[in-house]
Amino acid sequence: LFYKLTRFPGTEVYHAYYMGYNEEKMISMFVNLVAALAYWAKICSHANGNIGPAADVMAYKYFDYLLTCPLLTLDLLWTLNLPYKCTYAGFVFCCIVCAAMSSILEGNARYMWFGMGVTLFAFTFYSILGVVRIRLNQFADKEVKHVRLS
C-alpha cells in the first residue's frame, strides 16, 4: 500500500509533492503499524519472562486502542467524505480514555468513569450513524436519478 501510494503519478518533477494528496489513504497503514507495535510489545514482554498475571497486557491493549480506534473512525469518515472527521475521532479517543480509567480505578470512581464513557460512546455512535445515514441517502438519491435518466 505504501509503495502504491508513493508512486502516485504527478507532474514529471514533483512526485513527492503530489504524494501528499493521498495522505488520507495512508491512515489504514498507520492503524496496522500501531497494532503491529502493540503485538510486538506483548511478544517482547513474554520473551522477557513476564508470563501470566505478571505481564501487564492491559497497558498494551489500551495503548493500541487509543491510537487505532480514532484512526479507524477518521478513515471511515474520510472515505465517505463526511464532516466532523477529527471531532468524532477525538470523541472516540475520549471514550477509550474513559474505558481505560474505569479499568484502572476501583470503587465508585470506576462506575463514574464507566457511566461517562458509555454516555459519550452513545452520543458519538448515534451522531456518526446519523451522518453516515445522510451520506448513504445522498448516494442512493444519485443512483436513483442516474437510473431515471437512462
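Residues numbered from 1 in each chain as written. Predicted model: local features only at pLDDT ≥ 70, side-chain atom pairs only at ≥ 80, totals over all residues. Heavy atoms only, no water.

> A description of the environment of Ser103 should follow, citing residues and the corresponding values.
Take Ser103: it is sitting in helix H5 (residues 85–104). We classify Ser103 as partly exposed; its relative accessible area is 26%. For the pair formed by Ser103 and Phe114, sequence separation is eleven residues and the distance between their alpha carbons is 8.6 Å. A polar side-chain atom of Ser103 sits 2.9 Å from the main-chain carbonyl oxygen of Ala100. (Helix = DSSP H or I, 4+ residues; strand = E, 2+ residues; numbered from the N terminus. Buried < 20%, exposed > 50% of the residue type's maximum accessible area, 1.4 Å probe, protein only. Polar contact = N/O pair within 3.5 Å; in protein donor to acceptor, adjacent residues only side chain to side chain.)

> Tell me what's going on with the packing of aromatic side chains, and back it up with residues and numbers.
Within the structure shown, the criterion is met by six aromatic pairs. Relative to Phe123, the ring of Phe91 has its centre 5.6 Å away and its plane inclined at 70 degrees; by these criteria the two rings are edge-to-face. A residue pair is termed long-range when its members are at least 10 positions apart, and Phe91 in helix H5 and Phe123 in helix H6 (residues 108–149) qualify at 32 residues. Judged by relative accessible area, which is 24%, Phe91 ranks as partly exposed. Relative to Phe125, the ring of Phe121 has its centre 5.9 Å away and its plane inclined at 20 degrees; by these criteria the two rings are stacked. Placement of the pair is Phe121 and Phe125 together in helix H6, with a separation of four residues, close to one helical turn. Given the relative accessible area of 49%, Phe121 is considered partly exposed. Taken together, the ring pairs in this structure connect Tyr84, Tyr88, Phe91 and Phe123 into an aromatic cluster. (Phe/Tyr/Trp six-rings, centres within 6.5 Å; stacked < 30°, edge-to-face > 60°.)

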